[in-house]
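Overview (structure and organization)
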Amino acid sequence: MKRTLILGLGNPLQGDDGVGCYIAETLQRQMLSDDVEVIDGGTPGIGLLNLFEGRQCVIIIDAAEMGLPAGEYRRFEPHEVVLTGSNQRFSLHRTGVIDALALARELNIALPKIVFFGVQPQSVEWRDGLSPRVQAAVPRVIEAILYEMEGSQSEKV
Amino acid sequence: MAQNLKIDVHHVTRVEGHGNIVINAKNGVLEECKLEIVETPRFFEAMLRGRPYTEASHITSRICGICAVGHATASLRASENALGVELSEQTWLLRKLIFFGEMLDSHILHAYMLVAPDFFNVGSVIPLAGIAPEVVLRALRMKKLAGDLCAMIGGRHTHPIAMTVGGFTHLPTVDEIKTMRERLIAARNDVDETVALFKSLPWPQFNRETEYVALSKPDEYAFIDGTITTTDGGSYHINDYRQVTNERCVQHSSAKHTAHKRESYMVGALARFNVNYKQLHPKAKEAADALGLKPICTNPYYNTAAQVVEIVHSVEEAIKICDELIARGIKKETPPKFAGKGGAGVGSCEVPRGILFHNYEIGDDGKVVNANCIIPTGQNLANIEADMRALVPQILEQGQEKVTLALEMLVRAYDPCISCSVHFLNVKFV
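Reference entry: report on the structure contained in this document. (Residues numbered from 1 in each chain as written. Chains lettered and ligands numbered in written order. Predicted model: local features only at pLDDT ≥ 70, side-chain atom pairs only at ≥ 80, totals over all residues.)

Thoughts on the packing of helix α4 (residues 89-119) of chain B against helix α6 (residues 133-154) of chain B
Residues and elements named next belong to chain B.
- Running from amino to carboxyl end, α4 crosses α6 at an angle of 155°, the nearest separation of the two axes being 8 Å. On the basis of their axis angle, the class for α4 and α6 is roughly antiparallel. Classified by chirality, the crossing of α6 by α4 is left-handed. Contacts between α4 and α6 pair Leu94, Leu97, Ile98, Gly101, Glu102, Leu104, Asp105, Ile108, Leu109, Tyr112, Met113 and Ala116 from the former with Val135, Ala139, Met142, Lys143, Ala146, Gly147, Leu149, Cys150, Ile153 and Gly154 from the latter.
- Of the residues contributing to the contact of α4 with α6, the split by class is 16 nonpolar, three polar and three charged. (Axes fitted to C-alpha atoms, helices over the stretch in contact; angles between N-to-C directions. Helix = DSSP H or I, 4+ residues; strand = E, 2+ residues; numbered from the N terminus. Parallel < 35°, antiparallel > 145°, perpendicular 65-115°, else oblique. Left-handed = near helix turned anticlockwise from the far one by under 90°. Contact = placed C-beta atoms within 7 Å. Nonpolar A, V, L, I, M, F, W, Y, C, P; charged D, E, K, R; others polar.)

Okay, structure coming up:
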């Protein structure tokens, strides 16, 4: 089991919602440390919890409505934000992130360190491909993720 | 007693997508009763047009994070039938095995996390974890096994990348299959506990005769391929699926309704159970007995019980397939290349929520010219409404709250996947 998991979430058929999958795919083609696994997780729902098992650090890349201009990204940890699903109800899909975290708390399941990279989408309509502004943000987000990992590598030493 | 009742449940919880229940009764007479579907229609058909057929299964597997293998399989079967591609024994075994993995994953999710909270009088699986942690931990354990089974064959969790037209691009090793077999055997205990839990639940008692439609095969409980079979008698070749579905638009729903000979029909685990009971694994039949389920069961709430029966069946059949694969060994096979001749074909599977159809026309350049996809939930909508119309007058006197709960539970019983609606995160910095 590799200690660091980079997890791209989203649905590539819903425009910018797929930004996490797109970045994961790009990272899969790059040379990363042996201790890093990259997964294009799609829309796994509550099953997410099973992907966390045995990890030290999980970096989640996801589209996030943050009230920012499209293409802006933010790094945050779960305790720094209030996460709600876009429709604030229990659902099988992406509210999976929120439900998985809530469920872990309720069941006293120890979680790895979790870091989110949220990217502000422009459009999550059903269509293939990213909008130009989110597309343009991808290299910057990747750079930030690589920087994050350098940091967590040096923490271990 | 004359009753007035007005129910408007905006966005039924614990179902996929946006569905509203609207009920209006005056002086005990039901004036309005409908399930409104307010999702934006999806445009997969348009997304597939002009794309190489080799991409179709990867695109359609994104339709749903829960039925990814099901959509991929129906898509591959449509392309394979269009292009005349034959599958090896090994490919069939692996396709069936990964299908059982997804069936388990989806049924466990629905039965434990979406339906069980109703019986424990809690709003969702999260408070359920507070009052009955062992139940939720069991569900997570079983889901992990199912997810790992899918990943072993599909190449990754959630969306199967290794499944391709004519076979697989990546194969599991015999050792991986042996380990999985051991884990499936160890899971029998959890499966028994699952049957014991669901047998103890007070299922709502409501029966309405309807038509049940499912694939069937002469030699097995059908999940992939088969003949479209209905409990009203008669069967159809999958190529003639339109004679069964007869899609029509209705005003209050952006999803189309379907009807065969009656006003509606039902698909899903209960339909499969009713059509194919005889072919269930003996242990699954025992579970059905324990759950009080006999064909033909006309209580739609028992769809979840039928899913529990299929959990038993899937684990037992998956063990059998592992045995067979271990005995045969895994051989490297190369999926056939495109021969430069297009065609048209239908692929059909029984995904967790019921019968699914993909229908493609592929050009001689290997690109998709036309595509049609009919999902199970669309086929159930008319039947859910017919159930609501029959149920409401029977329970009208119980008052708003109980009627609302009964209707929400009814909709949830069908395990609807109304849409994989927009679901990105909303973030508020604190």
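As for the sheet that holds strand β6 (residues 211-216) of chain B
All names here are of chain B.
- With mixed pairing, four strands are arranged side by side in an open sheet as β8-β7-β6-β11. The open sheet has two edge strands with one neighbour each: β8 (235-236) and β11 (265-266).
- Of the pairings in the sheet, the one linking strand β7 (residues 227-230) to β8 comprises two bridges and is antiparallel in character. Paired with Thr229 across the strands is Ser235, a residue of β8.
- Helix α10 (residues 269-276) rests against β6, β7 and β11 of the sheet, and its axis sits at about 75° to β6. (Pairing = 2+ DSSP bridges.)

Re the nonpolar core
- Judged by nonpolar contacts, the single largest core of 175 residues is most densely connected at Ile59 of chain A together with Val309 of chain B.
- Residues contacting Ile59 of chain A, with those up to four places away along its chain left out, are Ile6, Leu7, Val115, Phe117, Ile145 and Glu148 of chain A. (Core = buried A, V, L, I, M, F, W, Y, C linked by C-beta atoms within 7 Å. Buried ≥ 20, exposed ≤ 12 C-beta atoms within 10 Å, placed from the backbone.)

Overview of the packing of helix α8 (residues 188-199) of chain B against helix α11 (residues 282-291) of chain B
Residue and element names in this part refer to chain B.
- Relative orientation of the contacting elements α8 and α11 amounts to 25°, with a least axis distance of 9 Å. Classified by the interaxial angle, the pair formed by α8 and α11 is roughly parallel. Where α8 crosses over α11, the two elements pack in a sense that is right-handed. Within the contact between the two elements, α8 uses Val195, Phe198 and Lys199 and α11 uses Ala287, Ala290 and Leu291.
- Tallied by class, residues from the contact of α8 with α11 come to five nonpolar, no polar and one charged.

No statement about biological role is implied by the geometric values presented.
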